[in-house]
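Residues per chain are reported as follows:
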Amino acid sequence: MTARMPAFYLPHGAGPCFFMDWNPPEMWKPMATFLEGIASTLPDRPKAIVVVSGHWEESAFTAGAASDPALIYDYYGFPAHTYELTYSAPGAPDLAEKIARLLANAGLPARADLSRGLDHGVFIPLKLVFPDATIPVVPLSLRSDYDAAAHVAAGRALAPLRDESVLIIGSGMSFHNMAGFRDPDFMARAPGYAAAFTDWLNSATTAVPAQREQMLGNWESAPAARLAHPSRAEEHLLPLMVAAGAGGDDAGTCIFDHGEMGMRIAGYRFG
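Described in the following lines is the structure provided in the data block. (Residues numbered from 1 in each chain as written. Predicted model: local features only at pLDDT ≥ 70, side-chain atom pairs only at ≥ 80, totals over all residues. Heavy atoms only, no water.)

Focus: the layout of surface pockets
And step 1. In this structure, the largest pocket occupies an estimated 470 Å³ of space.
And step 2. Contributing elements (two or more residues each) for the lining of the largest pocket: α5 (178-181) and β8 (263-270).
And step 3. For the lining of the largest pocket, the per-class residue count stands at 13 nonpolar, seven polar and three charged. (1 Å grid on protein atoms, 1.4 Å probe; cavity = no way out; pocket = protein on both sides within 12 Å on 5 of 7 lines; lining within 4 Å. Points joined across faces, edges and corners; volume = space filled by probe spheres on them. Helix = DSSP H or I, 4+ residues; strand = E, 2+ residues; numbered from the N terminus. Nonpolar A, V, L, I, M, F, W, Y, C, P; charged D, E, K, R; others polar.)

Regarding empty space enclosed by the protein
A probe as big as a water molecule, rolled over the atoms, marks out the empty space that is left.
And step 1. Using the criterion set out here, one finds one cavity of 30 Å³ or more in the structure.
And step 2. Estimates place the volume of the largest cavity at around 30 Å³.
And step 3. Lining the largest cavity are Leu 10, Val 51, Gly 121, Val 122, Pro 125, Leu 126 and Ile 169.
And step 4. No other element matches the four residues that helix α3 (residues 120-129) contributes to the lining of the largest cavity.
And step 5. Among the residues forming the lining of the largest cavity, the class breakdown is six nonpolar, one polar and no charged.

Notes on the environment of Val 122
And step 1. In this structure, Val 122 sits in helix α3.
And step 2. Sequence-distant contacts of Val 122, defined by excluding residues within four places in its chain, comprise Val 51, Ser 53, Val 137 and Pro 139. (Contact = heavy atoms within 4.5 Å.)

Some thoughts on the side chain of Ser 171
And step 1. Inspection of the secondary structure assignment puts Ser 171 in strand β6 (residues 166-172).
And step 2. In terms of polar contacts, Ser 171 uses its side chain to reach the side chain of His 12, at 2.8 Å.
And step 3. Apart from the residues lying within four places of it in its own chain, the contact partners of Ser 171 are Leu 10, His 12, Val 51, Val 52, Ser 53, Gly 54, Gly 121, Pro 125 and Pro 239. (Polar contact = N/O pair within 3.5 Å; in protein donor to acceptor, adjacent residues only side chain to side chain.)

Okay, structure coming up:
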């Protein structure tokens, strides 16, 4: 019997944050511990992993089809050792091509990219979730028009992969306002914004599937939505839409809700 995998929306932190020294030293420990525990909650070891990263956008959904994907160190100003991190997971070109076909068959133009590597939204959390780096990984882009409903539909199209023991992960951050993080006045109010938006996300993701998809497709109407994710900067939220769509008719559950830098950050499981 092939184990049916869930779909996840996981926080991936800030750059290579889990592999650095911080003051206080436990700053990112709760999130790291959460990610380290994900594998033990699965029904079996996945045959492959698809990761939708908030750090890759294309005009059409694009699946990375490299057989030996390189790492993309797409973070800046961090200690030198963080640019020497490794994650040697193989790719899965056949799965990437299948993903493109599933999306195209659902009316969503898609393609495979033979050269795309693994950006930090992929390899940083996976170093904690599956540190042995032996499970094949396929990165999947967002669509650059940021159409939330289209990302939900993409997840729906990919849901059958779960029955083939493929784990689907949306990798982002539920509160992500880069301009705001540099503004002391915004940061003083940010915990309230994060709480309001996280409460709404918790309600949306745990609603019955039809209502869940409707709410997530119209997420901009949520309390503090554009304070959590400014206009044309919602790339860290959209992986949630894919994960929720991939959840199909399964229930959603909040599995992480914790304050990081004073702001609540959430993670979700579907199925």
